[in-house]
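What follows is each chain in one-letter form.
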Amino acid sequence: MEVAVSASHGVMGPLLGKLADLLAGKYGRIRGVRGEILSLQVELTSMHAALKNYTMLEDPDVEVMTWISLLRELAYDTEDCIDKFIRRLGKRGRRGGFKELLRDTTRFLKSLDSRCGIADQIDELKARIKHVKEVKDCYKLSEIPCSKTEHAAVDPRLCALFAEEAHLVGVEGPRDDLVKWMLKEENSSTKDRKVLSIVGFGGLGKTTLANEVYRKIQGHFDCQVFVSVSQKPYIKNIIKDVISQVPCQDGSTKDTSDWDEKKSIAKLRELLQDKRYLVIVDDIWSTQAWNNIKCAFPYNNCSSRIITTTRIIDVARSCCPGSDDRVYEMTALSDLHSKRLFLKRIFGSEDHCPDMLKESSNEILKKCGGLPLAIISISSLLANRPVVKEEWEKIRRSIGSALENNQSLEGMSKILLLSYNDLPPNLKTCLLYLSVFPEDYVIDRERLVRRWIAEGFISEERGQSQQEVAEIYFYELVNKSMVQPEDIGYDDNFIVVIGGGQTTLANRQGFIRRLSIQQIDVELVHLLAQEDLSHVRSLTVTCSACVKHLPSLAKFEALRVLDFQGCEGLEEYDMKSIGKLLQLKYLNFPATRISKLPSEIVLLRDLETLHFGATPVEELPIGFAQLTKLQHLIAGGWTIIPKKIGNMRNLREISGFSITGSPADAVEDLGNLPGLEEIDIYLDGGESDEFRRHEEMLLSSLCKLGSCKLRSLRIRGNDGSLEFLGSWSPLPFTLQEFYMVGDYCFTKVPECIAPALTSLSFLDINLAELTEEGLVTLGELPALLHLVLWFRTRPDDRVIVRGFPSLKQFTIYSNDASAYVTFVKGSMPKLKKLDLLINVSTAKTYGFHLGIEHLTCLKQATARLDNRGATPSERKAAEAVIRVEAGAHPNHPAVTICD
């Protein structure tokens, strides 16, 4: 499988980057060292080039897979050896200049012997490199054509075109909605061509839905066409396929064999020019493919329609540039429809499932996640098995491996792999990494991208930082609908998972490189302690059982990533050996009961992320500011800011620190962190002089940071005031997010929240009173997308909303008050989601009218009615008017009304 190739690519990239850095740095100027590095770089670069060629193979043979496995293990061990070398050499080169470094290095190289083991390891690596080259030559791998093979395999999506309507479940609602939309303008004066693009993950039923819409409306059109594009489209053949489905009276399209692309497109446009046509363009994988195809379908003022399907959100949007076009995002089946489809295919009816199998069926459906293809595939497999609980449980436990080993699931596996194979190698490695987390586990985006960085998967690109590149990768996976990693599987030695009822750690190749402990008992802990853990690069523990009995951290000397998030009982585990993990870059243990950080943590000089949020840790160890490579520091909530924090100039994020609980000079020192981008702090206090002193120091720091890179500020707390922020100067022009969490509020919109903040997109603000004047100020913020507004005092009259050119989500709420807000024409032209707190008594005066019709893009509205001072009939009248307004809206937004 290409999965293994991608896993190997994930280690080769970081290794070659590390070798290049060594050559460019101080060690590359030392003659003996430089020669060794150059030799390694040349050999491994050549092998990496071959590896990248093999990523083009959809089904590598055994010889290729064997060579890849050897290369992967070689790369891991080479990087470990380099890291050990640098660490030991670094201890001798911390003082003095280059001459001292050269003298110490030469002395150190001469003293290398079997005591330190590095010399032996280098010799062993050289021998292994030679062996890997010989294996490649022996297998004649260079002669293997490194391109994806073309074969005549049946398209696994073909059955979707011929699915019987009676066998479909959950398609009726979406189908009827889209049919209505497709035919809406049939009798109107406007006859423009419209495009519907259906987008979603592989196996959700996009082709099936498109085909059902096609069946229902095809009689309304002069000609109907269905064409599939695929990952590597041959545009000329696609256009000819369309031509073959369009009637031609003069017979001029009978022989198109010698037509080129230009002639084919011109003829097709001629055939369609005066016809009302319906075209389905199925399975588009790139915007370029769509751009090449769409020019063949003319705008002919005949109410023609095009339906496209794709797995990629950006492609769907490119298909629908017009205001009359529509992107329809597929969703998974509901629990009810999933159950109905599953049981109907096995037993013929959802009512015939034996009681003994109901629990197993629910667990299997949970693994299928509402994916119709998965439900159909697994139910087809079970339909041919004995109806006994043991058989169903066996299938439930082996669903992942069954994808590869069971022929009845081959179509499902191929469809899922289509999306995987379309990814570039770097994204494949990042996707594989998701399997370190348990099934159905909610993975925080920031946690994931920081782990990618710590693992070495991410490099700076074209002036973008590692964090920016990692986030681009993340959103690219979202864009391509690759959100279910358990459907992909993972390479045997990319990640070793302990969990799922296993009783052994055998059946793997090579050393353990990444370890994910999802379930473990005392017996497995004992077996784990006997393993060689010195090559483990990441340790993720997501279960709480037996945590205190896990092997000592001293055994994990190569760790880059250590993640104990949410583990109960972690406070009983001895973490004193953490100071020996000198390569550690990512340390994560939030939501645990750790109350004190081990003092040895100050030895982790390469640490980039430290997250102990939602823990009772109040103080950091002495010397903490020595961790100068730290970029993300997320503390417990009431943690004291460490002394000399201004020395940690690589910090990009600090969170969970108490301003009022910290020394005032430490608060002021925050202003000496020019790279700080995110601040999340606690500010509690009152009217005391000490509190005022902390306010002054915080404002001083914010004034400095506002002219640097600060983009997010979140202030939490109670019993205080933030009025001092009104003096923030110069304005924080880079600020994108501002949140207030607590019961304090501004008497009016502060001067620091001004229209000049052209980057401010997210605003959560507390005001003493909701006024039109305040809303006018906020409505002038040009980039504001999301506004949450809390107010304390009820307005005397209605409040009219104007402006907000970019806003997409608007929420108004209060603990004890309510308001009556109305919208005028032109206000909030892009708003999609609205959440209002409505005072029924005030609204009665104006006939309960809200002006929803002016919110042209509205899709969802929630109205919470405050009935104080209103009669039951007035409450009913308010609800009725709101529903009438929503019903008359062209978008028919979903409306929820509650008290």
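Residues numbered from 1 in each chain as written. Predicted model: local features only at pLDDT ≥ 70, side-chain atom pairs only at ≥ 80, totals over all residues. Heavy atoms only, no water.

Stated precisely, the cut-off is as follows: UniProt positions are given in the numbering used here, feature names are shortened, and annotations may be inferred rather than shown by experiment.
The name recorded for the chain in an unreviewed UniProt entry is Disease resistance protein RPM1, from Aegilops tauschii subsp. strangulata. According to UniProt, the comment filed for the chain under the heading Sequence similarities (unreviewed entry) is "Belongs to the disease resistance NB-LRR family."

Focus: the overall build of the chain
This is how the line gets drawn: For helices the rule is a DSSP run of H or I covering at least 4 residues; for strands it is a run of E covering at least 2, with both sets numbered from the N terminus onward. Think of it in three bands: residues with accessible area under 20% of the maximum for their type are buried, residues over 50% are exposed, and the middle band is partly exposed, with areas taken using a 1.4 Å probe on protein chains only. Computed with the Shrake-Rupley method and a 1.4 Å probe, the accessible areas treat only the protein chains shown as cover for residues.
When you go through the chain residue by residue, the secondary structure sums to 26 helices and 24 strands. Counting all 899 residues of the chain, 52% fall into the buried class. A total of about 40,200 Å² of accessible surface is found on the chain, and carbon and sulfur atoms cover 49% of it.

Some words on a positive patch on the surface
For clarity, the cut-off: Two distance rules govern patches: like charges are joined within 9 Å, and nonpolar side chains (Val, Leu, Ile, Met, Phe, Trp, Tyr) within 5 Å, applied only to residues with over 30% relative accessible area and no salt bridge. Any carboxyl oxygen of Asp or Glu within 4 Å of a side-chain nitrogen of Lys or Arg constitutes a salt bridge here. As used throughout, the charge tally considers Lys and Arg to be positive and Asp and Glu to be negative, leaving His and the chain termini uncounted. To locate a charge, take NZ of a lysine, CZ of an arginine, CG of an aspartate or CD of a glutamate.
Together, Lys-808, Lys-830, Lys-832 and Lys-859 line one region of the surface with positive charge. Here Lys-808 shows up in the loop between strand E19 (799–801) and strand E20 (809–813).

Some points on the side chain of Glu-678
Under the convention used in this document: Working rule for contacts: check all heavy atoms of both residues, and any pair within 4.5 Å makes them a contact.
Examined against the element boundaries, Glu-678 turns out to sit in strand E14 (residues 678–682). Using a relative accessible area of 16% as the deciding quantity, one classes Glu-678 as buried. When residues no more than four places from it in sequence are discounted, the contact partners of Glu-678 are Glu-446, Arg-652, Glu-653, Ile-654, Leu-710, Arg-711 and Ser-712.

Quick look at the packing of helix H12 (residues 335–347) against helix H14 (residues 372–383)
Worth spelling out the cut-off: Note on geometry: axes are C-alpha line fits, over the in-contact stretch for helices, and angles between N-to-C directions span 0 to 180 degrees. Convention used here: angles under 35 degrees read as roughly parallel, angles over 145 as roughly antiparallel, angles from 65 to 115 as roughly perpendicular, and any remaining angle as oblique. When the near helix sits turned anticlockwise from the far one by under a right angle, the crossing is termed left-handed; a clockwise turn instead gives a right-handed crossing. Lys, Arg, Asp and Glu make up the charged group, whereas Ala, Val, Leu, Ile, Met, Phe, Trp, Tyr, Cys and Pro make up the nonpolar group; the residues left over, Gly among them, are polar.
At a minimum axis distance of 8 Å, the contact between H12 and H14 shows a crossing angle of 30°. Considered as vectors, H12 and H14 are oriented roughly parallel to each other. Crossing of H12 against H14: the hand is right-handed. Here Ser-338, Leu-341, Phe-342, Arg-345 and Ile-346 of H12 lie close against H14, whose contacting residues are Pro-372, Ile-375, Ile-376, Ile-378, Ser-379, Ser-380, Leu-382 and Ala-383. Counted by class, the contact of H12 with H14 contains nine nonpolar, three polar and one charged residues.

With respect to the environment of Leu-371
Of note, Leu-371 is situated in the loop between helix H13 (355–368) and H14. Considering only alpha carbons, one finds Leu-371 and Leu-204, 167 residues apart in sequence, at a separation of 5.3 Å.

Section: helix H23 (residues 689–705)
Short version of the rule: One less than the residue count of a helix, multiplied by 1.5 Å, gives the span that helix is expected to have.
The end-to-end C-alpha distance of H23, which contains 17 residues, comes to 24 Å, matching closely the 24 Å that a straight helix rising 1.5 Å per residue would cover. Contacts made by the buried residues of H23 are with helix H22 (664–669), E14 and strand E15 (712–717).

A closer look at helix H10 (residues 287–294)
The following threshold applies: Directions drawn from the helix axis to the C-beta atoms are what define this arc.
For H10, the full list of buried residues reads Ala-289, Trp-290 and Ile-293. Down the axis of H10, the sector holding all buried residues measures 95°, keeping them to one side. Buried residues in H10 make contact with helix H8 (235–244), strand E3 (277–284), strand E4 (305–310) and helix H11 (313–319).

Things to note about the packing of helix H19 (residues 445–455) against helix H20 (residues 466–479)
Packing of H19 against H20 brings their axes to within 9 Å, and their N-to-C directions diverge by 120°. Relative to H20, the element H19 is oriented oblique. Relative to H20, the crossing made by H19 is right-handed. Contacts between H19 and H20 involve Arg-445, Leu-448, Val-449, Arg-450, Trp-452 and Ile-453 from the first element and Gln-466, Gln-467, Ala-470, Glu-471, Tyr-473, Phe-474, Tyr-475 and Leu-477 from the second. Per-class residue counts for the contact of H19 with H20 are nine nonpolar, two polar and three charged.

Here's the deal with the sheet that holds E3
The criterion, for reference: Strand pairing is assigned whenever DSSP detects at least two bridges linking the two strands.
Taken in spatial order, the five strands of this open sheet run E2-E3-E4-E1-E5, and their pairing is parallel. In this open sheet, the two strands that pair with only one neighbour each are strand E2 (223–228) and strand E5 (326–329). Pairs of neighbouring strands in the sheet enclose a mean axial angle of 15°, with direction left out of account. Pairing of E2 with E3 involves six bridges; the strand directions are parallel. Residue pairing in the sheet places Gln-224 in a bridge with Leu-278 of E3. Across the sheet, helix H6 (residues 172–183) touches strand E1 (194–199), E3, E4 and E5, and the angle it forms with E1 is around 160°. Against the sheet, H10 engages E3 and E4, with an angle of about 160° to E3.

Details of the pattern of salt bridges
Inspection of the entire model under this criterion finds 41 salt bridges. A salt bridge links Arg-326 to Asp-177; its shortest N-O distance comes to 2.9 Å. A residue pair is termed long-range when its members are at least 10 positions apart, and Arg-326 in strand E5 and Asp-177 in helix H6 qualify at 149 residues. Each of Lys-18, Arg-72, Glu-73, Asp-77, Glu-79, Asp-80, Asp-83, Arg-128, Arg-513, Arg-537 and Arg-560 takes part in salt bridges that share partners, so that together they form one network.

Overview of unusual backbone geometry
Cis geometry marks the peptide bond from Ser-729 to Pro-730; its omega dihedral reads -5°. Topologically, Pro-730 is positioned in the loop between E15 and strand E16 (737–742). Non-glycine residue Lys-644 carries a positive phi angle of around 60°. Mapped onto the fold, Lys-644 is located in the loop between strand E12 (632–640) and strand E13 (653–658). Positive phi outside glycine occurs at His-892, with the angle close to 45°. Relative to the helices and strands, His-892 is located in the loop between helix H26 (872–888) and strand E24 (894–898).

As for the packing of aromatic side chains
For clarity, the threshold we go by: Here is the rule: rings of Phe, Tyr and Trp (six-membered ring for Trp) pair when centre to centre is within 6.5 Å. Planes less than 30 degrees apart are stacked, more than 60 are edge-to-face, and the remainder are tilted.
For the coordinates displayed, the defined rule picks out eleven aromatic pairs. Taking 6.1 Å as the distance between ring centres and 35° as the angle between the ring planes, the aromatic pair formed by Tyr-277 and Phe-297 counts as tilted. In this pair, Tyr-277 is assigned in strand E3 and Phe-297 in the loop between H10 and E4, connecting sequence segments 20 residues apart. We classify Tyr-277 as buried; its relative accessible area is 0%. Pairing Tyr-820 with Tyr-846 gives two aromatic rings, centres 5.8 Å apart and planes at 25°, and the pair type is stacked. You can see Tyr-820 sitting in the loop between E20 and strand E21 (821–823) and its partner Tyr-846 sitting in the loop between helix H25 (840–844) and strand E23 (860–866), a full 26 residues away along the chain. Here Tyr-820 falls in the buried class, since its relative accessible area comes to 1%.

Overview of the side chain of Lys-428
Rule in force here: Distance and chemistry together define a polar contact, namely a pair of N or O atoms within 3.5 Å, with one atom able to donate a hydrogen and the other to accept it when in protein, and with adjacent residues in sequence counting only for side-chain atoms on both sides.
Its location among the elements puts Lys-428 in helix H18 (residues 425–432). Within the local environment of Lys-428, its side chain forms a polar contact with the backbone oxygen of Leu-423, the two atoms lying 3.4 Å apart.

Comments concerning a negative patch on the surface
Where like charges cluster on the molecular surface, the negative patch consists of Asp-255, Asp-258, Asp-260 and Glu-261. By the element assignment, Asp-260 lies in the loop between H8 and helix H9 (261–272). Assessed through its relative accessible area of 44%, Asp-260 is described here as partly exposed.

Comments concerning the environment of Ser-377
Checked against the element boundaries, Ser-377 lands in helix H14. As for Ser-377 and Arg-345, which are separated by 32 residues in sequence, their C-alpha atoms are 9.9 Å apart.

Quick word on the environment of Thr-628
With respect to the helices and strands, Thr-628 occurs in the loop between strand E11 (609–611) and E12. Thr-628 sits 23 residues away from Leu-651 along the chain, and the two C-alpha atoms are 8.0 Å apart.

Some words on the pairing of E16
Within a regular strand, the side chains alternate between the two sheet faces. Strand direction decides the pairing type here: E15 and E16, joined by six bridges, are parallel. Each residue of the ladder has a partner; that of Arg-714, found in E16, is Tyr-739. Strand direction decides the pairing type here: E16 and strand E17 (residues 762–769), joined by three bridges, are parallel. Residue pairing across strands places Phe-738 opposite Leu-763, the latter belonging to E17.

Notes on the confidence of the model for the chain
The following threshold applies: Residue-level confidence of the predictor is summarised by pLDDT, bounded by 0 at the bottom and 100 at the top.
Chain-level statistics for the chain give a pLDDT mean of 84 and a share of 85% at 70 or above. Note that pLDDT drops below 50 for residues 112–116; the model gives that stretch five contacts with residues more than four away or on any other chain. In the predicted structure, residues 147–156 sits below a pLDDT of 50 and forms ten contacts with residues beyond four places in sequence or in another chain.

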